[in-house]
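# Fold and geometry: a report
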Amino acid sequence: MALSRSTYGTRRLAIVLFAVLLATLLLLPSQSQRVLQYVGGPLGQVLTFPLSIFSSVDHGLSETWDGYVALQGMREENRQLRREVELLKGQNTQLRESLSATQRYETLLAFKQQLSSQTVAARVIGRDATNWYRGMILDKGECDGIRPEMGVVTPAGVVGRIVKTNARSSVVLLVTDPNNAVAGLVQRTRDEGIVEGTSHGRARLKYIPLLSRVQAGDHVVTSGLTGVFPRGLMVGTLMQVEKSEGDLFQTAELEPEVDLSKVEEVLIITAPYENAEAAQKLLQEIQGDRKKS
């Protein structure tokens, strides 16, 4: 009980002293107030230092948190911008492809209007991957009036001829296939020959007259002697002329004018179809006779 009374007395004493100090500060003259202010100045400075530290730490934490929140927002914005950039890239690629296709179609249409023969436009939907023959598959077939032995061309020149058809598609035997043959004409010398494919993916002009002055760089066009192709379509350029002693004819290596690996759209010459098959058989007979000789 004595301890409780002592504690109680101490509290009362502290309260009384605080009240006296407050009254003195308010009621004493200005000189006394200056003395108290002088005494309290160092104490205020001592208290101000840790308070300023705590304030700086709080300010720094606040700025760090705001920076973190802002950084998270920037990261999300960057991710969104990257997604938009990828989307725009895809759209740009599609637009370029559409523009390229439109330009090719315009060129094909202009070429179609120049040809005197009837034609059907077709798109390449496949290429031979078996190495049995050099060919490509088109998206037009018998339902579109396509038949075997019809010629296939692009604005650049001859591609090949149709060798097989079904209802909705057809197979083209390329001019570079050894089983293909096209009647050709050297533009400069007007000498005729037969263009055949080779096993190396090129072609050659065979049965050139022995006295012909053909040379590398001469252009070869279709002669129009068969019903497969009209006269004057570009076939290729002579690369090297071969003339061996004792041969009855000259032979020249020929680089096809059309880059057959990049063909995407073609024109199929549908007329005159009636004479094409007979003309092709005649061409094969001529080849056979020349080989025997």
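To keep things clear, this report deals only with the structure shown in the data block. Note that the coordinates shown come from a computational prediction; the quantities given were computed from them, not determined experimentally.

### Here we look at the pairing of strand 10 (residues 234–242)
In this structure, strand 9 (residues 219–222) lies alongside strand 10, joined through three bridges in antiparallel fashion. What sits directly across from Val-221, in strand 10, is Met-234. Two strands pair when backbone bridges link them, and strand 10 and strand 11 (residues 249–256) are joined in this way by six bridges, in the antiparallel orientation. Among the inter-strand pairings, Val-241 is bridged to a residue of strand 11, identified as Ala-252. Following strand 10, the chain reverses through six residues before pairing antiparallel with strand 11; Gly-246 in that reversal takes a positive phi of roughly 95°.

### Comments concerning the packing of aromatic side chains
Within the structure shown, the criterion is met by one aromatic pair. Measuring from centroid to centroid gives 5.7 Å for Tyr-207 and Phe-249, while their planes differ by 90°, and the two rings are edge-to-face. You can see Tyr-207 sitting in strand 8 (residues 203–209) and its partner Phe-249 sitting in strand 11, a full 42 residues away along the chain. Judged by its relative accessible area of 7%, Tyr-207 is buried.

### Points about the pattern of salt bridges
Applying the stated criterion across every chain yields a total of six salt bridges. A salt bridge links Arg-161 to Glu-149; its shortest N-O distance comes to 3.1 Å. Residue Arg-161 is located in strand 4 (residues 157–165), and its partner Glu-149 is located in the loop between strand 2 (135–138) and strand 3 (151–154); the two are separated by 12 residues in the primary sequence. Given a relative accessible area of 15%, Glu-149 falls into the buried group. Between Asp-259 and Lys-262 there is a salt bridge, with its nearest N and O atoms 3.9 Å apart. What makes Asp-259 partly exposed here is its relative accessible area of 41%. For Lys-262, a relative accessible area of 62% puts it in the exposed group. Overlapping salt bridges bring together Arg-202, Glu-253 and Glu-255 as one network.

### Remarks on the sheet that holds strand 2
Strand order in this closed barrel of six strands is 1-2-5-4-3-12, and the pairing throughout is antiparallel. Neighbour to neighbour, the strand axes of the sheet diverge by 45° on average, direction disregarded. Here strand 4 runs beside strand 5 (residues 170–174); their pairing, made up of five bridges, is antiparallel. Bridge pairing in strand 5 places Thr-165 opposite Ser-170.

### Quick notes on the nonpolar core
Across soluble globular proteins, nonpolar side chains show a tendency to be buried alongside one another. Leu-138 and Val-159 are the most contacted members of the largest nonpolar core, which totals 40 residues. The element that contributes the greatest number of residues to this core is strand 12 (residues 265–269), accounting for four residues. Dropping the residues within four chain positions of it, Leu-138 is found in contact with Ala-122, Arg-123, Val-124, Ile-125, Val-152, Ile-162, Arg-168, Ser-169, Ser-170, Val-172, Val-266 and Ile-268.

### Considering the pairing of strand 12
The buried fraction of strand 12 amounts to five of the five residues, a majority that puts the element mostly inside the structure. Going residue by residue along strand 12, you find Glu-265, Leu-267 and Ile-269 tucked away on one face and Val-266 and Ile-268 tucked away on the opposite face as well. As paired strands, strand 1 (residues 119–127) and strand 12 are joined by five bridges and run antiparallel to one another. In the sheet register, Thr-119 faces strand 12, and the bridge partner there is Ile-269. Pairing of strand 3 with strand 12 involves three bridges; the strand directions are antiparallel. The residue bridging Gly-151 from the neighbouring strand is Ile-269, located in strand 12.

Rules used throughout
- Residues numbered from 1 in each chain as written.
- Predicted model: local features only at pLDDT ≥ 70, side-chain atom pairs only at ≥ 80, totals over all residues.
- Heavy atoms only, no water.
- Pairing = 2+ DSSP bridges.
- Helix = DSSP H or I, 4+ residues; strand = E, 2+ residues; numbered from the N terminus.
- Phe/Tyr/Trp six-rings, centres within 6.5 Å; stacked < 30°, edge-to-face > 60°.
- Buried < 20%, exposed > 50% of the residue type's maximum accessible area, 1.4 Å probe, protein only.
- Salt bridge = Lys/Arg side-chain N within 4 Å of Asp/Glu carboxyl O.
- Axes fitted to C-alpha atoms, helices over the stretch in contact; angles between N-to-C directions.
- Core = buried A, V, L, I, M, F, W, Y, C linked by side-chain atoms within 4.5 Å.
- Contact = heavy atoms within 4.5 Å.

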